[in-house]
Amino acid sequence: MNPLKTLTAAAVLLLAASGLAQAGAALNAIKERGFIKCGVSDGLPGFSYADEKGNYNGIDVDVCRAVAAAVFGDASKVKFTPLTAKERLTALQSGEIDVLSRNTTWTSSRDSAQGMNFTGVTYYDGQGFLVNKKLGVKSAKQLDGATVCVQAGTTTELNLSDYFRANKMKLTPISYDKSDESAKSLEAGRCDVLTSDQSQLYAQRIKLAKPDEYVVLPEVISKEPLGPVVRHGDDDWFDIVKWTLFVMVNAEDLGVNSKNVEEMKKSANPDVKRLLGVEGDKGKDFGLANDWMAAVIKQVGNYGEVFERNVGQGSPLKIQRGLNALWSQGGLQYAPPVR
Amino acid sequence: MAEPISTPVKPPFWNNPQVRAILFQAIALVVTVAFGLYVFDNTQTNLRRLGIASGFDFLSSPSGFDVVQSLIPYSPTSSYGRVFWVALLNTLLVSALGIVLATLIGFVIGIARLSKNWLISRLALVYIETFRNIPLLLQIFFWYFAVLRAMPSPRQSLSLGEAVFLNIRGLYLPAPEFQIGFGWVLAAFGLAAALAWLAARWARRRQRATGQQFPILSVSLALLLGLPSLTFWLAGSPLVWQLPELQGFNFRGGWVVIPEMASLLLALTLYTATFIAEIVRAGIQAVSHGQTEASLSLGLNSSLTLRLIILPQALRVIIPPLTNQYLNLTKNSSLAAAIGYPDLVSAFAGTVLNQTGQAIECIAITMTVYLTISLLISLMMNGYNRRVALVER
């Protein structure tokens, strides 16, 4: 049960916070343990979703696998913990997980008062609305008086209130802990509208019994940069998670992917040589093996591969790259250079 | 001349049992306090190291989110502290209603369980054994996801005289709007209550003195209903009903009982009532059968026997375990979080905790509140228990 989990997490936080932890110890602890503890969502197709065999798939999952490839040279050295929106931040604060990769929005209060560090953006998203076609609603501005299902403890909950208040509309919010409960309530008619990040709406829709009866409204009411999060204060660990992400974006930029990575090692391009550990010692700087970046690309793939495989054309979601295209192709994905 | 008596050597102070007892207690106290201080200081240090804000300042910053049910005025611009009160009142509301309903149902079922009518006692037995043996959380899910989800959509609401509507969004009731002059009606009600009390006192005295009975129940009812109604009519009906109306997506106006609250209340009530029924049955059976026989042979009928002889004695046995059930019900109301009813655990220890990230503070406040509520209930029930307890002469 969730209250129980929250309580446990809080108790663990109290104990962890009162224990004697030292800065920079996170990376050593992880290396000693031999695997990464990664917090993911409790079931969101395309981002983190366990298939019938219990294997996790999705962008958020691949980020953790990439970090494992970086640290251990083996992408399978991850233990996934499914978390609800409400549990996730406490779980990270308390040290129950090493990294939270769970479509979590980067905000100022999470970065400051809540003691976290966002390592980058894996997916540029925005909040939208999913409604039943029968209602005949064409725009979010027509939602005055609607009952809206939303996940508790999210930025979505706050944006929703802001949006209705700014447009002087009456709102009845029903906040559930689990996204599945919201979806069930939308189907049953307990709420008129389901609101969430747009990517989630598409993912939720394919889980409904009759996806065709539902439509995503055109309005995007917020900025939702989603990315992995680590605890404040573990700088070495923070650097590794951050740069794992940058490596994947840089790899796409340089045309390196999981299939051609061995071949590209022979490339004359110095950028590619540095990325793949052929030249320089970029591994030592991070306290990792010299070819860790190559391992990430080989075992998990570059950003474009990960995107297409999980949410893009290679998946049932068929989401366009849009904002998530590389900067050179009109998107926002841009990584600092490896040098 | 006195013999020089060899005075016994005074034992050292640490061999004095009294001094020793105090010493050990003092050491235990110092160690406990020191440990508490150590944990507190360490927590503070480490929270600072992790860059997590601490303290209770967050309670005054604006919450920014809406809450579906609030007994006091609330908007997203209200503070987190306000959310706390909203959530606390929601918890108290569902607990208080649950306690009243569970007690009523429990007493009725408990007595029915002892009925000589085979069908009634068996039905009571089946009810008790079914609801007592299914986990409460499962029952909440049953009412919420199975029963109340089967209600029609707002446009196809079941309605009663175009005033009461039932649909998947809840039960919509007309809300009273008090006009000027309604104060007189309230005053009349107060007056009637005072008169009824005086009449009851007079009737009791007269019965004690002369043995004559007075139909006090019907007279009191007539007073309580008649006087306010008359005033209501004289004051020109100072009350209008605001009817719920279908506007756009939902009904607006009137009062609404949301399904989250209804299913939680149903489950809590029906579950706890089974335990209360068993307590009531045990309490009644604890009264010796000789009491009933004596009462019947004095000429009291069976309902008077139950009311005047058996229940007062049974209550002595019933009250202490009943208190436990009240405490259980209140604490069980925290399962609300599972279906999105905004109670203390769901809205405060859940949403507020998450939006602020101040887990330790939120959980500490919540635990303190539950402890306080439980202790208050115990205190009240213990007071009542002292009143009904056997006074030995």
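Residues numbered from 1 in each chain as written. Chains lettered and ligands numbered in written order. Predicted model: local features only at pLDDT ≥ 70, side-chain atom pairs only at ≥ 80, totals over all residues.

Caption draft 1: Region of the structure containing the overall build of chain A. Within chain A, the regular secondary structure consists of 14 helices and 14 strands. For chain A, the spread of C-alpha atoms along the principal axes amounts to about 60 × 50 × 40 Å. Classification of the 339 residues of chain A by burial places 54% in the buried group. (Helix = DSSP H or I, 4+ residues; strand = E, 2+ residues; numbered from the N terminus. Buried ≥ 20, exposed ≤ 12 C-beta atoms within 10 Å, placed from the backbone.)

Caption draft 2: Expanded view of the overall build of chain B. Of regular secondary structure, chain B possesses 11 helices and 8 strands. Relative to the 2.2 N^0.38 estimate, which gives 21 Å for 393 residues, the radius of gyration of chain B is 29 Å and therefore markedly larger than a compact globule would have. Expressed along its principal axes, the backbone C-alpha trace of chain B runs to roughly 100 × 70 × 45 Å. Counting over 393 residues, chain B shows a buried share of 32%. Across chain B, contacts joining residues at least 24 apart in sequence account for 66% of those joining residues at least 6 apart. (Rg over C-alpha atoms; globule rule 2.2 N^0.38 Å. Contact = placed C-beta atoms within 7 Å.)

Caption draft 3: Representation of the environment of B:Gln156 within the structure. Take B:Gln156: it is sitting in the loop between helix H4 (136–147) and strand S1 (158–160). Note on B:Gln156: 11 C-beta atoms within 10 Å, which makes it exposed.

Caption draft 4: Molecular detail of the confidence of the model for chain A. Model confidence for chain A is summarised by a mean pLDDT of 89, while 93% of its residues fall at 70 or above. Every residue in residues 18–23 of chain A is under pLDDT 50, and counting partners more than four places away or in other chains gives 7 contacts. (pLDDT = per-residue confidence, 0-100.)

Caption draft 5: The sheet that holds strand S11 (residues 193–197) of chain A, seen in detail. All names here are of chain A. The sheet built from 5 strands is open, its strands ordered S10-S9-S11-S8-S12 with mixed pairing. Each edge of the open sheet carries a strand with a single partner, namely strand S10 (172–176) and strand S12 (214–216). With strand direction ignored, the average angle separating the axes of adjacent strands in the sheet is 30°. Pairing geometry for strand S8 (residues 127–132) and S12, over 3 bridges, is antiparallel. (Pairing = 2+ DSSP bridges. Axes fitted to C-alpha atoms, helices over the stretch in contact; angles between N-to-C directions.)

Caption draft 6: Inspection of the confidence of the model for chain B at higher detail. Here chain B averages 90 in pLDDT, while 98% of its residues score no lower than 70. For this predicted complex, the interface confidence comes out at an ipTM of 0.82, alongside a pTM of 0.84.

Caption draft 7: The environment of B:Leu37, seen in detail. Its location among the elements puts B:Leu37 in helix H1 (residues 17–49). Looking at B:Leu37, the number of C-beta atoms within 10 Å reads 10, which means it is exposed.

Caption draft 8: Local environment of the interface of chain A and chain B. With 43 residues of chain A in contact, the opposing surface of chain B contributes 39 residues. Looking at the side of chain A that touches chain B, the elements with two or more residues in it are helix H1 (2–18), helix H4 (85–93), helix H6 (155–166) and S10 of chain A. Residues of the side of chain A that touches chain B, tallied by class, amount to 19 nonpolar, 16 polar and 8 charged. (Nonpolar A, V, L, I, M, F, W, Y, C, P; charged D, E, K, R; others polar.)

Caption draft 9: Spotlight on helix H9 (residues 235–254) of chain A. Look at H9(A): 27 Å from first C-alpha to last across 20 residues, which is about the 28 Å you get at 1.5 Å a residue. Once H9(A) ends, the next one or two residues include A:Gly255, with phi positive near 75°. (Expected span 1.5 Å × (residues − 1).)

Caption draft 10: View of the domain arrangement of chain A. All names here are of chain A. Splitting chain A by domain gives domain 1 (2–123 + 226–254 + 296–329) and domain 2 (127–222). Taken over C-alpha atoms, the centre of domain 1 sits 26 Å from the centre of domain 2. Every contact between the two is made by 18 residues of domain 1 and, on the other side, 16 residues of domain 2. (Domains from an automatic or database assignment.)

Caption draft 11: Examining the nonpolar core more closely. A:Val67, A:Ala70, A:Val296 and B:Leu264 are the most contacted members of the largest nonpolar core, which totals 161 residues. Sorting elements by how many residues they give to this core places helix H7 (residues 259–286) of chain B first, with 15 residues. Judged by nonpolar contacts, the second largest core, of 5 residues, contains B:Val185, B:Ala188, B:Ala192 and B:Leu227. (Core = buried A, V, L, I, M, F, W, Y, C linked by C-beta atoms within 7 Å.)

Caption draft 12: Spotlight on the environment of B:Leu88. With respect to the helices, strands and loops of the structure, B:Leu88 is situated in helix H2 (residues 80–113). When the C-alpha atoms of B:Leu88 and B:Gln139 are compared, they prove to be 23 Å apart, with 51 residues separating the residues in sequence.

Caption draft 13: Representation of the sheet that holds strand S3 (residues 170–173) of chain B in the model. Residues and elements named next belong to chain B. Strands sit in the order S1-S2-S3-S8 across an open sheet of 4 strands; the sheet is antiparallel. Of all strands in the sheet, those with a lone pairing partner are S1 and strand S8 (255–257), marking the two edges. Going from strand to strand, the sheet's axes swing by 15° on average, the running direction of each strand aside. Relative to S8, S3 is paired through 3 bridges, and the arrangement is antiparallel. Bridged to Leu-171 within S8 is Val-257.

Caption draft 14: Geometry of unusual backbone geometry. Phi is positive for A:Asn103, which is not a glycine, with a value near 25°. You can call A:Asn103 buried: it has 28 C-beta atoms within 10 Å. Despite not being glycine, B:Glu162 shows a phi value in the positive range, around 55°. Position of B:Glu162 relative to the elements: it lies in the loop between S1 and strand S2 (164–167).

Caption draft 15: A look at the packing of helix H3 (residues 59–72) of chain A against helix H13 (residues 292–299) of chain A. Residue and element names in this part refer to chain A. Axis separation between H3 and H13 bottoms out at 8 Å; the angle between their running directions is 145°. Between H3 and H13 lies a crossing of right-handed hand. Residues Ala-66, Ala-69 and Ala-70 of H3 pack against Trp-292, Ala-295, Val-296 and Gln-299 of H13. Broken down by class, the residue content of the contact of H3 with H13 amounts to 6 nonpolar, 1 polar and no charged. (Left-handed = near helix turned anticlockwise from the far one by under 90°.)

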